[in-house]
Every structure is written in structure tokens, then in C-alpha cells.
Amino acid sequence: MIPAFETIHAKGSFGDRLVPVHILGPKEKKNTAPLVILLHGVHGCADPEPGNKYGELARMLSQEGACCAIVETSRIRRDRVTFCEDREAWAHSAFRGKTFAQDHADAVAGAETAAGEIGSENVWIFGFSLGGIHAILASGVDKGFSFKPSGIALGGTGSFIRPEAATSLLLPILDTTPPKARLLESARNLRAGRLLSFYGSLDSTFSEESCKEIVAAASLPADRKNFIVIEGADHSFRTIKGLPTIKTLEIMVQVLSPLLI
């Protein structure tokens, strides 16, 4: 039987003004289970449907005893499947006019709603790509989380994009991304107990150097931050050497689970 998620909504900043928060875990608001809040990448879709990366990761973490919350940002439309593999058309249709600041506000609102609903004092933020940037900013100098995360996990989050991927910066949200200096300043002022950064060796968006730079800048002792390379994984961690797999997620769960308690 597939575990049942409960969906609540935070107030969104754009489009339909909704930030769905899909929660998997104990119904009691006060509990001792760690809470892992998942933040998706730019223009991403995150829901509990079988096959969705975030839904699968949440179910894996739930099996390890964690409570999970999947946050999906506000947008004009949510019919991603209509656009098949045309990611650029999807980005313009669903997010035209949305700024980075609005997307950041959505990520914070969703995380705050999840933390308030569950009431756990042990909260981890797991952000992929842009979601990781939101996590660092909201835990650093920017107005962000009202709580100090027990830990932050990053999936393919770097400080600067590869030159060959620079055209993506013309897309909505990314066209108003703050400068690298702001991200590194937040890392230097990070309020979190631990920092993990997962990197796919075949990441075509961020270089290993750019991802390591955030970890190096983070104001945490060396034994409280880790950089983990997943050989053959792509930027989205959906493939290894080009083949679809959930092995990447299993590796993440294997690394993260012992640190949650």
C-alpha cells in the first residue's frame, strides 16, 4: 500500500497564489520524528505521485522514520505533462514574470507551514539546485526561516553556473537570480547544525568547484559539513550514466538517515 500524504497550502506569491505542501508522517503536530522538508529545483514539479523524484525520496525517508514535507512553489499552471520534453516552453508558460524573490518567498512560506504543522524541533531542509540556494539564503543573512535547521542538505547546488548552461539564466526566475556574493555571504552566516552537499559527477549545470565553494564558505566546523560525489549522476539525480534510476536517491537516504536522529 502506498503511504498517504496530507496536502495543505501556504500562501503563494505568484500565479495561482498557492504553495502546496504534501506531508507524509505522523498526524500528531507534536512528535519526536525528524522532519525533512524537500525544496525542488527551478521550474520543478514536486508531488507525491509515483515516479516523481520528490515523492519517491519522501517515501524512502519515511521508511527510515522521518516525517517529510514536499513543497511546490506557486505558478500560473501546473499541467507540466502537457509540455512533454519542452522544458523552455513549460518555464515560460508556467512562470512568465515570476522573480527569484517571489520564488524564494514561496520556498520559505512552504517550509514554515510544514514546520508549523508538524511541530518538530528537528527540522532538515533538503534543497535541490535552486531549492538549495533558497535553503542557504533563508538560513543565512536573508529574511528567511524562523527556526534554525538541524541540518541542510543540498542536491546539485552551486555558486555559479557552467558557461555552456548560461542561456538558462534568460528564463523566468533565473533572470533575477541574486549575485554569487550574496549566496556566499549567507553561507558564511549560516544558521544550521550540519551541511551536506550531494554532487553528480555528470552535472552539466554546476561544476564540482562551484558546489564545493558553498560548502567551503559555510560557517561550520569541518566535521559538521560533507561533500558527497555520486559517480555518474546527472544534475537532477534522475540518471546514472544516462540511465534512469532511483539508486541516486537510495545513496542520499543512506547518507542522510544516520544524521537525522
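Residues numbered from 1 in each chain as written. Predicted model: local features only at pLDDT ≥ 70, side-chain atom pairs only at ≥ 80, totals over all residues. Heavy atoms only, no water.

Draft legend 1. Just the packing of helix α5 (residues 180-188) against helix α6 (residues 208-217), in detail. For the pair α5 and α6, interaxial distance at closest approach is 7 Å and the crossing angle is 40°. What the angle tells us is that α5 and α6 run oblique. Of the residues in α6, those touching α5 at Lys-180, Leu-183, Leu-184, Ala-187 and Arg-188 are Glu-213, Ile-214 and Ala-217. Considered class by class, the residues forming the contact of α5 with α6 number five nonpolar, no polar and three charged. (Axes fitted to C-alpha atoms, helices over the stretch in contact; angles between N-to-C directions. Helix = DSSP H or I, 4+ residues; strand = E, 2+ residues; numbered from the N terminus. Parallel < 35°, antiparallel > 145°, perpendicular 65-115°, else oblique. Contact = heavy atoms within 4.5 Å. Nonpolar A, V, L, I, M, F, W, Y, C, P; charged D, E, K, R; others polar.)

Draft legend 2. Region of interest: the packing of helix α1 (residues 53-63) against helix α7 (residues 247-260). Taken N-terminus to C-terminus, the directions of α1 and α7 make an angle of 40°; their axes are 10 Å apart at the nearest point. Relative to α7, the element α1 is oriented oblique. Crossing of α1 over α7 shows right-handed handedness. Every residue of α7 that contacts α1 at Lys-53, Glu-56, Leu-57, Met-60 and Leu-61 is listed here: Leu-249, Glu-250, Val-253, Leu-256, Ser-257 and Leu-260. Each residue belonging to the contact of α1 with α7 can be placed in one class, and the counts come to seven nonpolar, one polar and three charged. (Left-handed = near helix turned anticlockwise from the far one by under 90°.)

Draft legend 3. Representation of the sheet that holds strand β6 (residues 151-155) within the structure. The eight strands lie next to each other as β1-β2-β4-β3-β5-β6-β7-β8, forming an open sheet whose pairing is mixed. With partners counted over all chains shown, the strands left at the sheet margins are β1 (6-11) and β8 (225-230), one partner each. Direction aside, the axes of adjacent strands within the sheet are offset by 20° on average. Where β1 lies against strand β2 (residues 18-24), six bridges are found, and the strand directions are antiparallel. (Pairing = 2+ DSSP bridges.)

Draft legend 4. Representation of the side chain of Asn-122 within the structure. As for its placement among the helices and strands, Asn-122 is situated in the loop between α3 (100-118) and β5 (123-128). Given a relative accessible area of 17%, Asn-122 falls into the buried group. Reaching out from Asn-122, the side chain makes a polar contact with the side chain of Ser-150 at a distance of 2.9 Å. A polar contact is formed between the side chain of Asn-122 and the backbone oxygen of Leu-260, at a distance of 2.5 Å. (Buried < 20%, exposed > 50% of the residue type's maximum accessible area, 1.4 Å probe, protein only. Polar contact = N/O pair within 3.5 Å; in protein donor to acceptor, adjacent residues only side chain to side chain.)

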